[in-house]
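# Fold and geometry: a report
So the chains spell out like this:
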Amino acid sequence: MVNAPASSPCAAPPPGRRVSVLGATGSIGRSTLDILRHAGPEAAQVVALTGRDNIAGLAEAAREFRAEVAVTADPSRYEDLKAALAGSGIEAAAGERAVIEAAARPADWTMAAIVGSAGLAPTLAALRQGRTLALANKECLVSAGELFMEEAARAGAELLPVDSEHNAIFQVLDRPNRAAVEKILLTASGGPFRDWPAERIALATPEEAVAHPNWDMGAKISIDSASMFNKGLEMIEAMHLFALRPDQVEVLVHPQSIVHSMVAYVDGAVLAQMGAPDMRHAIGHAFHHPARAPLPVERLDLAAIGALEFRAPDPVRFPALRLAREAMEAGGLAGCALNAAKEAALEAFMDRRLPFMGMAQVVEEVLAALSPFGPARALDDVFAMDIHARAAAGARIAARVRASGLGKGAAFA
Ligand code: NAD
Ligand code: MG
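First, a word on scope: everything that follows refers to the structure included in this document.

Moving on: the sheet that holds strand S11 (residues 270-274). One open sheet accounts for four strands, arranged S9-S8-S10-S11; its pairing is mixed. For this open sheet the edge positions go to strand S9 (249-253) and S11, each flanked by a neighbour on one side alone. If you compare each strand with its neighbour and ignore which way they point, the axes differ by 20° on average. Pairing geometry for strand S8 (residues 181-188) and strand S10 (residues 259-265), over four bridges, is antiparallel. Within the sheet, the bridge partner assigned to Leu185 lies in S10 and is Met262. Contacting S8 and S9, helix H11 (residues 229-241) runs over the sheet at an angle of about 155° to S8.

Before going further, it helps to spend a moment on the coordination of the magnesium ion (ligand 2). Around the magnesium ion (ligand 2), the protein contributes the donor atoms Asp163 (OD), Glu165 (OE) and Glu234 (OE), which lie 2.1 to 2.2 Å from the metal centre. Sequence spacing of the donor residues for the magnesium ion (ligand 2), all on one chain, is D-x1-E-x68-E. Of this pair, Glu165 sits in helix H7 (residues 164-172) while Glu234 sits in helix H11, and the two are 69 residues apart along the sequence. Glu234 shares its class with Glu165; the two are buried.

For the peptide bond that leads from His289 to Pro290, omega is 10°, which places it in the cis range. With respect to the element layout, Pro290 can be found in the loop between helix H12 (280-288) and helix H13 (302-305). Look at Arg66: it is not a glycine, yet its phi comes out positive at around 50°. Assignment of secondary structure puts Arg66 in the loop between helix H2 (55-64) and strand S3 (69-72). Positive phi, normally seen in glycine, also occurs at Met228, with a value near 70°. Within the secondary structure, Met228 sits in the loop between helix H10 (219-227) and H11.

On to helix H4 (residues 96-104). Taken residue by residue, H4 has Ala98, Val99, Ile100, Ala102 and Ala103 as its buried positions. Buried residues in H4 make contact with strand S1 (17-22), strand S2 (44-51), S3, strand S4 (91-94) and helix H5 (120-127).

With that settled, the discussion passes to the site of ligand 1. Close contacts around ligand 1 come from 22 residues, with Thr25, Ser27, Ile28, Arg52 and Glu139 the closest. The separation between an oxygen atom of ligand 1 and a polar side-chain atom of Thr25 is 2.7 Å. Burial of ligand 1 by the surrounding chains reaches 88%, relative to a free accessible area of 820 Å².

Attention shifts here to the sheet that holds S4. The strand order across the open sheet built from seven strands is S4-S3-S2-S1-S5-S6-S7, with neighbouring strands paired in parallel fashion. Each of the sheet's edge strands pairs with one partner strand only, and the pair in question is S4 and strand S7 (158-161). Across this sheet, the average inter-strand angle for adjacent strands is 20°, counted without regard to direction. Pairing of S3 with S4 involves four bridges; the strand directions are parallel. Its bridge partner lying in S4, Val71 is registered against Ala93. Across the sheet, H5 lies against S1, strand S5 (109-112), strand S6 (132-135) and S7, angled at about 150° from S6, the strand it touches most.

Conventions used here
- Residues numbered from 1 in each chain as written.
- Chains lettered and ligands numbered in written order.
- Predicted model: local features only at pLDDT ≥ 70, side-chain atom pairs only at ≥ 80, totals over all residues.
- Heavy atoms only, no water.
- Pairing = 2+ DSSP bridges.
- Helix = DSSP H or I, 4+ residues; strand = E, 2+ residues; numbered from the N terminus.
- Axes fitted to C-alpha atoms, helices over the stretch in contact; angles between N-to-C directions.
- Contact = heavy atoms within 4.5 Å.
- Donors = N, O, S within 2.8 Å, 3.2 Å for Na, K, Ca; no water.
- Buried < 20%, exposed > 50% of the residue type's maximum accessible area, 1.4 Å probe, protein only.
- Near = heavy atom within 4 Å.
- Polar contact = N/O pair within 3.5 Å; in protein donor to acceptor, adjacent residues only side chain to side chain.
- Areas by Shrake-Rupley, 256 points an atom, 1.4 Å probe, with all protein chains shown as cover.

Structure, rendered in structure tokens:
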């Protein structure tokens, strides 16, 4: 379970904390920098900023925040980054190893916002410092939940969830009465295809899937929201973060994205956390925790909003939720296999090698082919399963491409 708050419930964190942002050029990374900007130069001393492709954006942020080091995960971009930082006195580094080393540099507060399972090793390196980890990268918990939570406990790290749903639950969780939690209700906007018929969803293009109605996010998580794989990953994430049984995690479609999630207690009370759909809420909460500070986010005008709707998700149009539940029940390495197969299928959908519903079909086939799943005894088991499930998904995607005759330059949609 996420660690208990510090003894003084409202004490502001000390100024000038050493802060690192992993995935600083992405959607969460840029919002994190915005929170730092708003908190003022006294609030943080920036240690490491990491990114991959956007070298100009990375260098610009490193200069603005006077980071100690800027790192691109792509080794072929080292010279570009070095040139972009020339004369600044900021160290440049490149490659996967360099990202992990940057994550391990002493920092009091680290934002883990690298997308996908590529975030696992750097996030663990930051976690092992035993300081505060603001966790946006849900794939760490999906792929290696038990090991990750054990590492957090062993290192004495404070884990603050940044995924908006999990941050909401963290805010309304009655920690002294943990046993009184009946279940949690993860809200889902339903994504851009919420009201589309199945036949239309089957023809969805990457451009349609990326256009989220409420949240402004990176491309991959936007597509995962359209398929509801994002919510499936979040179910697994919540189970590990809050030490819940699979049957204590429910999903509720809530088109307005105002209620970010809820906790239902044994006495029938349901506590909800609300706010405008802006990730700077959760990021700012994690940055200032355990204090609350003014944040540059829109205030809710509930009278103008008027009504909030809730409905059960449709398991037929959105099979990702069923697959995630099966992985939760299977336990062990099933979450890792689900995530790796999903990441491979997502890349194929983005490249137009796989139709939209093909993503869930490939994941389902991979889970069936690789089950039963063993336990994740060590991280090497997780990395091995990641490779294995990606390869299994790749083979199925290639077979579909061959069968559909799409191999020769043609593409879906
Ligand atoms: P994004 O694609 O906008 O940014 C990803 C970041 O990771 C970038 O800085 C990129 O350079 C870096 N990156 C990409 N591949 C990498 C690799 N192989 N090695 C190292 N760095 C790499 O993604 P995002 O939307 O900011 O999401 C980041 C994480 O936060 C994801 O795990 C996502 O599920 C989670 N999250 C995002 C949101 C959101 O609103 N965007 C909400 C909740 C959770
Ligand atoms: Mg979320």
